[in-house]
Amino acid sequence: MAEKQQTILRTQNLQAFYVLEMQGAQKIVKAVNEVNLQVYENEIYGIAGESGCGKTTLLKTLFNEIAPPLRLIEGKLYYRINDAEVDVTGMSADEKRRLRMEYISYIPQGSMSVFNPVQRIRGTFQDFIGSHVSGKNREQVFELAHRRVLELGLPRNVLDTYPHQLSGGMRQRVTIALASVLNPRIMIGDEPTTALDVVVQRGVIQMLKEIQRSLKNTIIMVTHDMGVHANIADRIGIMYAGKIVEEGTTEQIFANPSHPYTQFLINSLPKFGDKSMRDSVPGSPPSLADVPKGCPFHPRCPHARDICRQQMPDLTRLNDDHKVACWLVGGQDG
Ligand code: SF4
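Here is a short report on the structure shown in this document. As the structure is a prediction and not an experimental result, all values here were calculated from the model. (Residues numbered from 1 in each chain as written. Predicted model: local features only at pLDDT ≥ 70, side-chain atom pairs only at ≥ 80, totals over all residues. Heavy atoms only, no water.)

## Re the sheet that holds strand β8 (residues 186–190)
No. 1: The strand order across the open sheet formed by eight strands is β7-β8-β9-β4-β10-β11-β13-β12, and the pairing between neighbours is mixed. Whereas interior strands pair on both sides, the edge strands pair on one side only; in this sheet they are β7 (104–107) and β12 (316–317).
No. 2: When strand β11 (residues 243–249) meets strand β13 (residues 323–324), the two strands line up antiparallel, connected through two bridges. Residue pairing in the sheet places Glu247 in a bridge with Lys323 of β13.
No. 3: Packing of helix α1 (residues 55–62) onto the sheet brings it into contact with β4 (44–48), β7, β8, β9 (218–222) and β10 (235–240), and relative to β8 it is tilted by some 155°. (Pairing = 2+ DSSP bridges. Helix = DSSP H or I, 4+ residues; strand = E, 2+ residues; numbered from the N terminus. Contact = heavy atoms within 4.5 Å. Axes fitted to C-alpha atoms, helices over the stretch in contact; angles between N-to-C directions.)

Listed below in structure tokens is the structure:
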């Protein structure tokens, strides 16, 4: 991200909760809890955190896909469309459907769910294009799809194969090609490199970067793998218990991790030539149905003090891009 870009997606106190009935009582699972994000045009924004911290729910909410048992309890979600900021939280199902794929697309976890196992890949592309593009333009868009497949280095005959004939890595690359075919302004990726070996993972990362560079669009990508973020993201948001607790450029997050949780995530990464045991985050993440009072990291934090157990610190700006929610930093030290 060479220069400051225009905001393409913004959230304001976004909250997405699951409301579950359990043994006659209601349980509120606070998966996304007052998240304020500002994502720019022409950047790759990474969201990191352990399993169960709310990352996937945040992505679904950003994709404006709120369906029971998930509920948007409060907050706003804005997309920048035709130079105007549009509140998309109140859109009708039809309006949302139109925006999806043409304006914003989703790369789900596990590529198999995208394909019909008894249909050739070509059929999936045709169905997809057919449901989004009017009759006279379909041929043209299908031609574009064919070109995109070749540009992205996929084999010429991939469209004639069945999903089970492709390796996991190849299927994932086809899924990404499909998500990019209508040139969306925003692409959302839910762990697109998980379960792939490192060589294949590298190819998928390269492909995402190439698509972003050629479309000059925005990719918002979730993965728990900090190594992947280091390779692909321009900026990173660290998520813990439904909240963003640190945000910065990739350089800032890796060179100066300022939240104790981020420090654990970075320190747990292997270092070349260092065979010593790495520190992992102590303890386990909290249940989102029972988030600790105050800073939710306090039961695992070696620096916790009284105020941490009572009050959640606000995200405080360390400098232009770098923000942290911790009582120890940014002049919040109580
Ligand atoms: Fe640790 Fe307190 Fe900072 Fe939370 S606010 S991360 S408990 S020092």
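## Description of empty space enclosed by the protein
No. 1: Counted under the stated rule, the structure contains one cavity of 30 Å³ or more.
No. 2: If you add up the space inside the largest cavity, you get close to 90 Å³.
No. 3: Split by residue class, the lining of the largest cavity holds ten nonpolar, three polar and no charged. (1 Å grid on protein atoms, 1.4 Å probe; cavity = no way out; pocket = protein on both sides within 12 Å on 5 of 7 lines; lining within 4 Å. Points joined across faces, edges and corners; volume = space filled by probe spheres on them. Nonpolar A, V, L, I, M, F, W, Y, C, P; charged D, E, K, R; others polar.)

## Quick word on the packing of aromatic side chains
No. 1: Considering all chains together, one arrives at five aromatic pairs under this definition.
No. 2: Arranged with centres 5.0 Å apart and planes meeting at 45°, the rings of Phe63 and Tyr106 form a pair that is tilted. Taken as a pair, Phe63 in the loop between α1 and β5 (70–81) and Tyr106 in strand β7 lie far apart in primary sequence, 43 residues in all. Across the pair, exposure class does not vary: Phe63 and Tyr106 are buried alike.
No. 3: Lying over the aromatic face of Phe63, Arg100 brings its terminal NZ or CZ to 4.9 Å of the ring centre. (Phe/Tyr/Trp six-rings, centres within 6.5 Å; stacked < 30°, edge-to-face > 60°. Buried < 20%, exposed > 50% of the residue type's maximum accessible area, 1.4 Å probe, protein only. Lys NZ or Arg CZ within 6 Å of the ring centre and 35° of its normal.)

## What about the packing of helix α3 (residues 121–132) against helix α5 (residues 168–180)?
No. 1: The contact between α3 and α5 brings their axes to 11 Å, and the two run at 20°. By the angle between their directions, the pair α3 and α5 is classed as roughly parallel. Between α3 and α5 lies a crossing of right-handed hand. Within the contact between the two elements, α3 uses Ile121, Thr124, Phe125 and Phe128 and α5 uses Val174, Ala177 and Leu178.
No. 2: Classifying every residue of the contact of α3 with α5 gives six nonpolar, one polar and no charged. (Parallel < 35°, antiparallel > 145°, perpendicular 65-115°, else oblique. Left-handed = near helix turned anticlockwise from the far one by under 90°.)

## Observations regarding the site of the ligand
No. 1: Taken together, 13 residues sit near the ligand, with Cys295, Cys301, Cys308, Cys326 and Trp327 positioned nearest.
No. 2: Under a 2 Å grid-point criterion requiring more than half of the atoms, the pocket assigned to the ligand is the largest cavity.
No. 3: Here the shell around the ligand is built from residues that sort into ten nonpolar, three polar and no charged. (Near = heavy atom within 4 Å. Sits in = over half its atoms within 2 Å of the grid points.)

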